[in-house]
Amino acid sequence: MNANRERWSGRLEVWACGSFFALCALTLVGGNLAVGVAEHRAESQREQAARELEDELTTFGRAQIPTLQQLIDDLPGWIGQIDERCRRLADELTRLHRIPRRDPDYQTWKKQADELRVGLTAARSQREELYLEYRKAELAPAGKDAFLQRLAEVRQECDRTTEKFKQVVAEREKLGRE
């Protein structure tokens, strides 16, 4: 009978230790899961806030500075087209055992894409600054005249910038046909 008791006692100890470690592991994993879920939720909220801000800036751009907003909408497509052509040209040059970065057309196209990227960043920044000025003028009506003057200046600048980028795109297309 003592032997049975000792055998069961030993099994109970093993089971208790195993259960204790399992409980500890579940607690740690559960805690990590809770942290992971909270981090995911916070990231999701930041992404949602960024999308909402972008939507608000786009709506403002379409209403107040349509030329600039159209430029912001069009530039990623233009950049994508140039990048795709550069990639295809690089593939062909590589196939012919040439170094793409030494090819003058490849260099020109890359330079154009980089200029467009800089222009896109500047256009987005300018739209954001104008939005901020607009909101300030809206909150302090005395500043509305200054904002309207600034808006007129920016619209003229947008027209000039749009023409510049259209010229770049036309040059790119001309080079692409040659």
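What you see is a predicted model; the values in this text were computed from it and never measured.

Q: Can you help me understand the packing of aromatic side chains in this one?
A: For any pair of aromatic rings, the description consists of the separation of the ring centres together with the inter-plane angle of the planes. Counting across every chain of the model gives 2 aromatic pairs. Summarising the aromatic geometry, the rings of Phe60 and Tyr131 are spaced 5.4 Å apart at their centres and angled 80 degrees between planes, so their arrangement reads as edge-to-face. Residue Phe60 is located in helix H1 (residues 2-64), and its partner Tyr131 is located in helix H3 (residues 104-139); the two are separated by 71 residues in the primary sequence. Relative accessible area serves as the criterion here: at 6%, Phe60 is assigned to the buried category. Taken together, a centroid distance of 5.1 Å and an interplanar angle of 45 degrees make the contact between Phe60 and Tyr134 tilted. Residue Phe60 is located in helix H1, and its partner Tyr134 is located in helix H3; the two are separated by 74 residues in the primary sequence. Taken together, Phe60, Tyr131 and Tyr134 form an aromatic cluster joined through their ring pairs.

Q: What exactly am I supposed to notice about unusual backbone geometry here?
A: When glycine is set aside, most residues are seen to have a negative phi, and most peptide bonds are trans. Residue His97 is not a glycine yet carries a positive backbone phi of 60 degrees. Tracing the chain through its elements places His97 in the loop between helix H2 (66-95) and H3.

Q: What should I look at first to understand the pattern of salt bridges in this one?
A: Any two side chains of opposite charge can pair, given that their charged atoms come close. Taken as a whole and judged by the stated rule, the model has 9 salt bridges. In this structure, Arg127 engages Glu54 in a salt bridge whose closest nitrogen and oxygen atoms are separated by 3.0 Å. Of the two residues, Arg127 is situated in helix H3 and Glu54 in helix H1; the sequence distance between them amounts to 73 residues. Where Asp114 meets Arg117, a salt bridge forms, and the shortest distance between an N and an O atom there is 3.4 Å. Here Arg117 and Asp114 lie together in helix H3, a separation of 3 residues that amounts to about one turn. Judged by its relative accessible area of 42%, Asp114 is partly exposed. Exposure remark for Arg117: the relative accessible area of 34% places this residue in the partly exposed category. By sharing partners, the salt bridges in this structure join Asp83, Asp114 and Arg117 into a single network.

Cut-off values and rules
Residues numbered from 1 in each chain as written. Predicted model: local features only at pLDDT ≥ 70, side-chain atom pairs only at ≥ 80, totals over all residues. Heavy atoms only, no water. Phe/Tyr/Trp six-rings, centres within 6.5 Å; stacked < 30°, edge-to-face > 60°. Helix = DSSP H or I, 4+ residues; strand = E, 2+ residues; numbered from the N terminus. Buried < 20%, exposed > 50% of the residue type's maximum accessible area, 1.4 Å probe, protein only. Salt bridge = Lys/Arg side-chain N within 4 Å of Asp/Glu carboxyl O.

Taken by themselves, the reported measurements are silent on function.
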